[in-house]
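So you can see what is in the structure, the chains are spelled out below.
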Amino acid sequence: MSEEKLILVVDDDPDLVESVAMKLESKNFRVAKAYDGVEAWEKIKEEKPPLIILDVMMPRKNGYELCKEIKADENYKDIIVILLTAVADAVTSTTYTHFDGKTTEADDYIPKPIDLDKLMDIVDENLE
Amino acid sequence: MTEQVQENGKIRIGGIKLSRELILLKQSFSVADNPSIFPIYARLAQGKINITYLSAIQKGKLIHISCLAANEEFNQIQCLQHADSNSDDHIEILPGKSTLSLFPHQGRFDLLGRILGAFGEAHIKLYGFSSSISALTFVIDYNQQETAVSAIIEYLELPHNHTPFQSALSFVEKRS
């Protein structure tokens, strides 16, 4: 079912990137990795992955900003974006909220801490 | 599998991370004392002090435990150290430390070997080392961060426009 589709995983936590990548690779996906929004944008232009798993809080360019840029670009707006969001309703040090994740142009979201099996279900649903 | 060694002999990695200035806490016990490692961590938890790194090793008849805490916690850690005057616990407190992490390590021992060799040549003191699923983390002096990066960078290939070595964001948790 996966047919070696490429998925880009973006998070400033390298252990989380690796955990997600290992899970995806076990399901026969190819994985590209990036550790902040700027690096991710370069990877998107290079490889145009059909789906991106994208953390929100990252240095240089956060996930919301990147998602907005992806969806505003004619060349990349069809890329499926799955946001990794904090479970808390509000984080006082930022303006990002769980509900903001639902109102952005992201295609789906999964709360942290990540349930990898649930993430795979979300990935499969969105790629169908 | 992506080829990780470039034609120039460099090993490709995803990034390097440097921490802020940290405090290294060290404690040693005799195995014969059948010690619990909990007292030091119970005190840190009592003071709501987060730790970013933890290691415990046994060398001969001694167990050595070390952990890292934020530099801002120095005064509070000193207070905790002296809080229980009846305790035989002695915690060595070493300020001015930091971590250098590189990732992903791909389980490559040759990467580890090159880094340790480079640190040795550059006289970088190592106070600890650990690995996670993705990262190799070395505990070094904060004032040697630049020297350490310079020592290893010639052996590594980083992505174009890689994430900065030091995060631009810094959060200090407020306690209620």
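Scroll up for the structure.
Read on for an overview of the structure. None of these values were measured; they are calculated from a predicted model.

### Topic: the overall build of chain B
(1) Moving on: When you go through chain B residue by residue, the secondary structure sums to four helices and nine strands.
(2) Moving on: Taken from N to C terminus, the helices and strands of chain B fall in the order β-β-β-α-β-β-α-β-α-β-β-α-β.
(3) Moving on: For chain B, the share of sequence-separated contacts (at least 6 apart) that also reach a separation of at least 24 residues comes to 74%.
(4) Moving on: Per element, the accessible surface of chain B, about 10,100 Å² overall, is 52% carbon and sulfur.

### A few points about the pattern of salt bridges
Close approach of charged atoms allows side chains with opposite charge to pair.
All names here are of chain A.
(1) Moving on: Per the counting criterion, the structure on display carries 10 salt bridges over all chains.
(2) Moving on: Between Glu-18 and Lys-33 there is a salt bridge, with the nearest N and O atoms lying 3.2 Å from each other. Remark: Lys-33 occurs in strand β2 (residues 30-34) and Glu-18 occurs in helix α1 (residues 14-26); sequence separation between them is 15 residues.
(3) Moving on: Glu-18 sits in the buried class, given a relative accessible area of 10%.
(4) Moving on: Salt bridges sharing partners connect three or more residues here, namely Asp-11, Asp-55 and Lys-112.

### Some thoughts on unusual backbone geometry
It is generally the case that most residues other than glycine have a negative phi and that most peptide bonds are trans.
(1) Moving on: Cis geometry is found at the peptide bond from Lys-112 of chain A to Pro-113 of chain A, where omega equals 0°.
(2) Moving on: The peptide bond linking Phe-103 of chain B to Pro-104 of chain B adopts the cis configuration, its omega dihedral lying at -15°.
(3) Moving on: Summarising the element assignment, Pro-104 of chain B is placed in the loop between β6 (92-103) and α3 (109-121).
(4) Moving on: One non-glycine residue with positive phi stands out, namely Asn-28 of chain A, at about 70°.
(5) Moving on: Within the fold, Asn-28 of chain A resides in the loop between α1 and β2.

### As for the interface of chain B and chain A
(1) Moving on: Contacts between the two partners involve 17 residues from chain B, matched on the other side by 18 residues from chain A.
(2) Moving on: Interface area, chain B with chain A, both sides summed: about 1,400 Å², of which 59% is carbon and sulfur.
(3) Moving on: On the surface where chain B and chain A come into contact, there are seven residue pairs in polar contact (both at pLDDT 80 or more).
(4) Moving on: Taken together, the residues of the side of chain B that touches chain A break down into eight nonpolar, eight polar and one charged.

### Comments concerning the environment of Val-17 of chain A
All names here are of chain A.
(1) Moving on: Inspection of the secondary structure puts Val-17 in helix α1.
(2) Moving on: Exposure remark for Val-17: the relative accessible area of 0% places this residue in the buried category.
(3) Moving on: Residues Val-17 and Ala-40, 23 residues apart in the sequence, show an inter-C-alpha distance of 12 Å.

### Describing the nonpolar core
All names here are of chain A.
(1) Moving on: By size, the foremost hydrophobic cluster in this structure holds 23 residues, and its most contacted members are Ile-7, Leu-24, Leu-51, Ile-53 and Val-123.
(2) Moving on: Those elements giving two or more residues to this core turn out to be β1 (6-10), α1, β3 (51-55), β4 (80-86) and α5 (116-127).
(3) Moving on: Ignoring anything within four residues of it in the chain, the contact list for Val-123 reads Ile-7, Leu-24, Phe-29, Leu-51, Ile-53 and Ile-82.

### Comments concerning α5 of chain A
Residues and elements named next belong to chain A.
(1) Moving on: Relative to the 16 Å expected for 12 residues at 1.5 Å per residue, α5 spans 16 Å between its end C-alpha atoms, a close match to the ideal helical length.
(2) Moving on: For α5, the full list of buried residues reads Leu-119, Met-120, Ile-122, Val-123, Asn-126 and Leu-127. Viewed end-on, α5 has its buried residues packed into an arc of 160°, placing them on one side of the element.
(3) Moving on: In the core, the buried residues of α5 are packed alongside β1, α1, β3, β4 and β5 (108-112).
(4) Moving on: For α5, the N-terminal cap is Asp-115; the gap from its side-chain oxygen to the backbone nitrogen of Asp-117 is 3.0 Å.

Basis of the calculations
- Residues numbered from 1 in each chain as written.
- Chains lettered and ligands numbered in written order.
- Predicted model: local features only at pLDDT ≥ 70, side-chain atom pairs only at ≥ 80, totals over all residues.
- Heavy atoms only, no water.
- Helix = DSSP H or I, 4+ residues; strand = E, 2+ residues; numbered from the N terminus.
- Contact = heavy atoms within 4.5 Å.
- Areas by Shrake-Rupley, 256 points an atom, 1.4 Å probe, with all protein chains shown as cover.
- Salt bridge = Lys/Arg side-chain N within 4 Å of Asp/Glu carboxyl O.
- Buried < 20%, exposed > 50% of the residue type's maximum accessible area, 1.4 Å probe, protein only.
- Buried area = accessible area lost by both parts, 1.4 Å probe.
- Polar contact = N/O pair within 3.5 Å; in protein donor to acceptor, adjacent residues only side chain to side chain.
- Nonpolar A, V, L, I, M, F, W, Y, C, P; charged D, E, K, R; others polar.
- Core = buried A, V, L, I, M, F, W, Y, C linked by side-chain atoms within 4.5 Å.
- Expected span 1.5 Å × (residues − 1).
- Arc of directions from axis to C-beta.

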